[in-house]
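# Structure at a glance
Residue strings, one per chain:
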Amino acid sequence: MKPWIEVIGGNKWYYGSEENDLKLTVSLLAKALSHINRFGGHTSEPYSVAQHSVWVADHLWREHLDPKLAMAGLLHDAPEMLIGDITTPFKWYLNGEAMDRIEAEETRAYKAILKAFELSLDLTADQETAVKKADRIAVITEKREFLCPTVKWGPEHLGGQVADRDTILARRHKEAAKDFVIAFNFFKSEMNVSSKNA
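The rules behind the values
Residues take numbers from 1 onward in each chain, read along the sequence in its written order. Residue-level local features of this predicted model are given only where pLDDT is at least 70; pairs of side-chain atoms are given and counted only at 80 or more, and the full residue set underlies all totals for whole chains, interfaces and linings. Side-chain numbers come from the whole structure's heavy atoms, not from hydrogens or water. Starting at the N terminus, helices and strands are each numbered in turn, a helix being any DSSP run of H or I of at least four residues and a strand any DSSP run of E of at least two. Radius of gyration: C-alpha atoms only; globule rule: 2.2 Å multiplied by the number of residues to the exponent 0.38. For every residue, the accessible area obtained with a 1.4 Å probe (protein chains only) is divided by the maximum for its type, and the residue is called buried under 20%, exposed over 50%, and partly exposed between those limits. The criterion used for residue contact is that any of the two residues' heavy atoms lie within 4.5 Å. The charged-residue count follows a simple rule in which Lys and Arg add positive charge and Asp and Glu add negative charge, with His and chain termini not counted at all. By convention, the point assigned to a charge is CZ for Arg, NZ for Lys, CD for Glu and CG for Asp. A helix is expected to span 1.5 Å multiplied by its residue count minus one. All axes are obtained by fitting lines to C-alpha atoms, using only the stretch in contact for helices, and the reported angles, taken between N-to-C directions, cover 0 to 180 degrees. Between 65 and 115 degrees an angle is taken as roughly perpendicular, under 35 as roughly parallel, over 145 as roughly antiparallel, and anywhere else as oblique. When the near helix sits turned anticlockwise from the far one by under a right angle, the crossing is termed left-handed; a clockwise turn instead gives a right-handed crossing. The classification used treats Ala, Val, Leu, Ile, Met, Phe, Trp, Tyr, Cys and Pro as nonpolar, Asp, Glu, Lys and Arg as charged, and all other residues, Gly among them, as polar. Salt bridges are identified by distance alone: a Lys or Arg side-chain nitrogen within 4 Å of an Asp or Glu carboxyl oxygen. Only buried residues count toward a nonpolar core, which is a set of Ala, Val, Leu, Ile, Met, Phe, Trp, Tyr and Cys residues joined through side-chain atoms within 4.5 Å. Patches were defined on residues exceeding 30% relative accessible area and lacking a salt bridge, with like-charge contacts within 9 Å and nonpolar side-chain contacts (Val, Leu, Ile, Met, Phe, Trp, Tyr) within 5 Å. Working definition of accessibility: Shrake-Rupley area with a 1.4 Å probe, residue cover restricted to the visible protein chains.

What follows is about the overall build of the protein. The number of helices and strands found in the protein is 8 helices and 2 strands. The order of helices and strands in the protein, counted from the N terminus, is β-β-α-α-α-α-α-α-α-α. Computed over C-alpha atoms, the radius of gyration of the protein comes to 17 Å, within 12% of the 16 Å expected from 2.2 N^0.38 for 198 residues, which places it in the range of a compact globule. Seen through its principal axes, the protein has C-alpha atoms that stretch 45 × 45 × 35 Å. Residues counted as buried form 43% of the 198 residues belonging to the protein. Within the protein, counting contacts between residues at least 6 apart in sequence, those at least 24 apart form 66% of the total. If you average the places of the 25 positive and of the 29 negative side-chain charges in the protein, the two averages end up 3 Å apart.

Okay, structure coming up:
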């Protein structure tokens, strides 16, 4: 029997299966991500994947005014609703077959989430790079705001990215979930407008 977890809303997700039919609403995704803390929970106050995702999407929107790119930023960590937020250093430690299996599951989960929302987010190489850059800027900014200042790491670990000028204030999980839903609906609406004008 394949291992599975119960997904918020009463679904099951079978790990390793290509046949998952994920029933999902934006509110359920937002709620799940708002309950998952960044950095393995080792922050000065709770800071969620949902809030991180909104920050990345907003940054991309300010920089590029491209709703598809912003939506990709909003959903870049969406698979974590099914596999959790595995810290990057632990991924580096795993490497090899274990890491391959995690990446395969992330890909399966991402495709299932896009399918649930009837979204197509095929990105160019430049757009993928832009999402990764925004994610790194978020990480180094979050480090400044929520992690211990005496533990030194930073731009040298993140491709030279530097922190954003703006301060990030941690949002309660219900607020972060609400922000996520608002962002999703806005970017989806803008994507629809863009496709009609194309």
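Attention now goes to helix H7 (residues 125-146). For H7, with 22 residues, the first-to-last C-alpha span of 31 Å sits near the 32 Å given by 1.5 Å per residue. Within H7 the residues assigned to the buried category are Gln-127, Ala-130, Val-131, Ala-134, Ile-137, Ala-138, Val-139, Ile-140, Thr-141, Glu-142, Lys-143 and Phe-146. Packed against the buried residues of H7 are helix H2 (49-64) and helix H3 (67-75).

Here we take up the packing of helix H1 (residues 26-34) against helix H8 (residues 173-197). H8 packs onto H1 with a crossing angle of 140° between their chain directions and a minimal axis gap of 8 Å. Between H1 and H8, the crossing angle belongs to the class labelled oblique. Note on packing geometry: the crossing formed by H1 with H8 is right-handed. For the pair H1 and H8, the contacting residues are Val-26, Ser-27, Leu-29, Ala-30, Lys-31, Leu-33 and Ser-34 in the first and His-173, Ala-176, Ala-177, Phe-180, Val-181 and Phe-184 in the second. Taken together, the residues that form the contact of H1 with H8 break down as 9 nonpolar, 3 polar and 1 charged.

With that settled, the discussion passes to unusual backbone geometry. Located in the positive-phi region is Leu-65, a residue other than glycine, with phi close to 50°. By relative accessible area, Leu-65 is classed as exposed at 60%. With phi around 55°, Glu-118 is a residue other than glycine that occupies positive phi space. Looking at the secondary structure, you find Glu-118 in the loop between helix H6 (96-116) and H7.

It is worth spelling out the pattern of salt bridges at this point. Enumeration over the complete set of coordinates arrives at 9 salt bridges. With its nearest N and O atoms 2.6 Å apart, the salt bridge here joins Asp-21 to Lys-23. Among the residues examined, Asp-21 registers a relative accessible area of 48% and is labelled partly exposed. A single salt-bridge network, built from bridges that share partners, covers Glu-18, Glu-105 and Arg-108.

Counting 50 residues, the largest nonpolar core has Leu-29, Met-71, Leu-75, Met-81 and Phe-180 as its most contacted members. Where this core is concerned, the elements lending two or more residues are H1, H2, H3, helix H4 (80-83), H6, H7 and H8. The residues touching Met-71, leaving out its near neighbours within four places in the chain, are Leu-119, Leu-121, Phe-184, Phe-187, Lys-188 and Met-191.

This part takes up the packing of H2 against H3. Contact geometry for H2 and H3: axes closest at 7 Å, N-to-C directions at 160°. Here H2 lies roughly antiparallel to H3, going by the angle between them. Considering the relative orientation of H2 and H3, their crossing is right-handed. When H2 is examined against H3, the residues Ser-53, Val-54, Val-56, Ala-57, Leu-60, Trp-61 and His-64 are found in contact with a partner set consisting of Pro-67, Leu-69, Ala-70, Gly-73 and Leu-74. Across the contact of H2 with H3, the residue classes break down as 9 nonpolar, 3 polar and no charged.

Our focus in this paragraph is a nonpolar patch on the surface. Nonpolar side chains collect at one region of the surface, where Met-1, Trp-4 and Tyr-14 lie side by side and expose about 380 Å² of accessible area between them. Tracing the backbone shows Trp-4 in strand E1 (residues 4-7). Taking relative accessible area as the criterion, Trp-4 reaches 33% and is therefore assigned partly exposed.

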